[in-house]
Amino acid sequence: MILPWLEELIFQCQPHRILAKMAHPVLDYIAAIPYLVHFPLPGLFALYLVVDKRRRPLVFRFMWCAGWVNLSALFIQLFFPTAPPWFADSAVFDKDNGQLISVQPVEAGFQRLDARLGVTIFHSIYSKSPVTFGAMPSLHVAWPMIILMSRPWINKKFAAFHVFWITWAALYSNHHYGVDAMAGILLVVLVFTMEKRVWSPFRCERDVPRHTVYRSPTRSYSESGVNRSTGHGFTQSVLPI
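This is a predicted model, so every value here is computed, not measured. (Residues numbered from 1 in each chain as written. Predicted model: local features only at pLDDT ≥ 70, side-chain atom pairs only at ≥ 80, totals over all residues. Heavy atoms only, no water.)

**Topic: the packing of helix H4 (residues 41-50) against helix H9 (residues 139-149)**
When two helices pack together, you describe them by how their axes are tilted relative to each other and by the distance separating the axes.
For step 1, the next point in the chain: Across the interface, H4 lies against H9 with an axial gap of 10 Å and an inter-helix angle of 15°. The angle between H4 and H9 places the two elements in the roughly parallel class. In terms of crossing hand, the pair formed by H4 and H9 is right-handed. Every residue of H9 that contacts H4 at Leu41, Pro42 and Phe45 is listed here: Trp143, Pro144 and Ile147. (Axes fitted to C-alpha atoms, helices over the stretch in contact; angles between N-to-C directions. Helix = DSSP H or I, 4+ residues; strand = E, 2+ residues; numbered from the N terminus. Parallel < 35°, antiparallel > 145°, perpendicular 65-115°, else oblique. Left-handed = near helix turned anticlockwise from the far one by under 90°. Contact = heavy atoms within 4.5 Å.)

Rendered as structure tokens:
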């Protein structure tokens, strides 16, 4: 499998296995919080942008970038499926026909929490997932990263902590590899870079220069409209993009 190989290549170990050995009831609850917040997170952040008139124009930019991140991730997961660590570490196959004999429940490390609470919250969520082999890239990590690069609520430190928190929870719960989290972060950075440098219908004005300077072979003009060599002004040296 390529993901465990990448883990060993980059980290010289498999971080999710190290974190899984630290399993503790308190840590299970701490890991569950960002996972449960994950599903309403985009809607909550969009609402945060909408309620303030000063932030309202940013909601379309957020939705544009979030849409491309999710679409790109879905394309990767469908055409390049990758097994999550809980499957790779627990799957038992028949040696004769290669059929799957047994595997850990889809809720992975969160089965401990379901058993402790006597409910099936996480099992109900993940048993209905249409994409089982979609470990890379991690959208659990990507969504908080989108918020960090948009306009973080509270502050950037909290947004960065949220990214770290969900990354730790994803590895601790055995749902993702470290490279899955890295891929999610890199995908968001790539989408935002394309949005700023290439094209987006909702790009903010501060992301692009408002004017460009006309330069002739014999004269050099500043953006203020003054010939640097003669000091005389002019009216058509600055062209809007």
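**What to know about unusual backbone geometry**
For step 1, the next point in the chain: Backbone torsion omega between Met136 and Pro137 reads -5°, so that peptide bond is classified as cis.
For step 2, the next point in the chain: Its location among the elements puts Pro137 in the loop between helix H8 (121-127) and H9.
For step 3, the next point in the chain: In the Ramachandran plot, Asn174 falls in the positive-phi region, its phi being about 70° despite a non-glycine side chain.
For step 4, the next point in the chain: Asn174 sits in the buried class, given a relative accessible area of 10%. (Buried < 20%, exposed > 50% of the residue type's maximum accessible area, 1.4 Å probe, protein only.)

**Focus: the nonpolar core**
For step 1, the next point in the chain: Residues Tyr35, Phe62, Val69, Phe122, Ile146, Trp168 and Val188 are the most contacted members of the largest nonpolar core, which totals 40 residues.
For step 2, the next point in the chain: Contributing elements (two or more residues each) for this core: helix H3 (25-38), H4, helix H5 (58-79), H8, H9, helix H10 (156-172) and helix H11 (178-197).
For step 3, the next point in the chain: At eight residues, H10 tops the list of elements feeding residues into this core.
For step 4, the next point in the chain: If near-sequence neighbours (up to four positions away) are discounted, Tyr35 is found in contact with Phe110, Phe122, Tyr126, His140, Ile166, Ala169, Ala170, Ser173, His175 and His176.
For step 5, the next point in the chain: Ala135, Met136, Tyr177 and Ala183 belong to the second-largest nonpolar core, a separate cluster that totals six residues. (Core = buried A, V, L, I, M, F, W, Y, C linked by side-chain atoms within 4.5 Å.)

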